[in-house]
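Below, each chain spelled out in residue letters.
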Amino acid sequence: MSAPRFTAPLACLTLMIAASPALARQDYAWQGFAAADAMNTLHHNLLNRTNEAAQERRDRAAGRRPAARPTPSTALPANQLTFRRDPAVTRAVQADLVQRVSKRDAVAGRALSQDLARQDPITVATPVFRRFGLDTGNVVDATAIYFMGMWGVANNVEAQMSPTQARGARAHVARTVNFAGMGLNTPAARQRYADSLVYQALLMDAAIERAQNQKDTAQQRALADAAHGHMVSLGLDMRKLAITDQGFVSR
């Protein structure tokens, strides 16, 4: 199966991350924002739905009628799921990321600050994601990007995602996550949440791609274990999930 990977031109970031294993263990950028509660809700909803989907498959295999499941309250007007990126919010998110990296590794923090000043990774990657039907200015799509990125790093996959898989992951997030209860009530809040997720997905994916290209198995293992451990700490074991055209399912 073709596994999801992100391939954006982020050579400057891959060099900096690969040179600093501390980045693999950094605090995640969204933790400085009120979006932390939203992320906890996100993981909880996705984990519950994944377990429910597995039970539904077992029920069907045994000839039982699957139990009715309540539909999450995800239906929000489109204008409450999207935003236009505000440069001031972008700078604030980047500053938070640099600060957290600098606490662990001052040299890496300075390098990241310089790289971000030269080019914005989300701006660079947005056309790439659009080819997969994903919009970085949409909280549903950003959440799908984050989960696919962390899934790919945790499992140390090398194949690139397919548009079908991207659509499946996006649909999975849309039907399982209660965005109405996540407090993303303003464009700025939505951008802080989405940008933080997409930056982390891009940074981690760029690092694992460089380690794979250099055949650096130790760095691959460190990055994969960091992503896996972080997701497990939030209640979601990406190594027990597969990604298909139906989204995330238990292996």
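See the structure printed just above.
Quick look at the structure, then. (Residues numbered from 1 in each chain as written. Predicted model: local features only at pLDDT ≥ 70, side-chain atom pairs only at ≥ 80, totals over all residues. Heavy atoms only, no water.)

## Observations regarding helix α9 (residues 217-233)
In an α-helix there are 3.6 residues to a turn, and that puts residues three or four apart on one side. Over its 17 residues, α9 extends 24 Å from the first C-alpha to the last, a length consistent with the 24 Å expected when each residue adds 1.5 Å. Within the span of α9, buried status applies to Gln219, Gln220, Leu223, Ala224, Ala226, Ala227, His228, His230 and Met231. (Helix = DSSP H or I, 4+ residues; strand = E, 2+ residues; numbered from the N terminus. Expected span 1.5 Å × (residues − 1). Buried < 20%, exposed > 50% of the residue type's maximum accessible area, 1.4 Å probe, protein only.)

## A few points about the packing of aromatic side chains
By the definition in use, this model includes two aromatic pairs. Residues Tyr146 and Phe147 carry aromatic rings whose centres are separated by 5.6 Å and whose planes lie at 70° to one another, so their mutual orientation is edge-to-face. With 6.2 Å between their ring centres and 65° between their planes, Phe147 and Phe248 make a pair best called edge-to-face. A residue pair is termed long-range when its members are at least 10 positions apart, and Phe147 in helix α6 (residues 139-154) and Phe248 in strand β2 (residues 247-250) qualify at 101 residues. (Phe/Tyr/Trp six-rings, centres within 6.5 Å; stacked < 30°, edge-to-face > 60°.)

## Thoughts on the pattern of salt bridges
When charged atoms on two side chains of opposite charge get close, those side chains can pair. What the rule picks out here adds up to five salt bridges. Taking the shortest distance from any N to any O, the salt bridge between Asp195 and Arg85 comes out at 3.1 Å. Taken as a pair, Asp195 in helix α8 (residues 187-213) and Arg85 in the loop between α2 (35-61) and α3 (87-104) lie far apart in primary sequence, 110 residues in all. For Arg170, the salt bridge goes to Asp141, with nearest N and O atoms at 2.5 Å. Within this pair, whereas Arg170 is found in helix α7 (residues 163-176), its partner Asp141 is found in helix α6, the two being separated by 29 residues in sequence. Residue classification places Asp141 among the buried residues on the basis of a relative accessible area of 4%. Each of Arg85, Asp120 and Asp195 takes part in a single network of salt bridges with overlapping partners. (Salt bridge = Lys/Arg side-chain N within 4 Å of Asp/Glu carboxyl O.)

## A closer look at helix α4 (residues 106-118)
In a regular helix each residue adds 1.5 Å, so 13 residues correspond to 18 Å; α4 covers 19 Å between its end C-alpha atoms and thus fits that length. All of the buried residues along α4 are Ala108, Gly109, Leu112, Asp115 and Leu116. Down the axis of α4, the smallest arc covering the buried residues is 130°, so these residues share one side. The exposed set on the far side of α4, more than 90 degrees from its buried face, consists of Val107, Arg110, Ala117 and Arg118. (Arc of directions from axis to C-beta.)

## Description of unusual backbone geometry
Negative phi characterises most residues that are not glycine, and trans characterises most peptide bonds. For Asn156, which is not glycine, the phi dihedral falls at a positive 50°. Looking at the secondary structure, you find Asn156 in the loop between α6 and α7. With a phi angle near 55°, Lys215 is a residue other than glycine that sits in the positive phi range. With respect to the helices and strands, the residue Lys215 is situated in the loop between α8 and α9.

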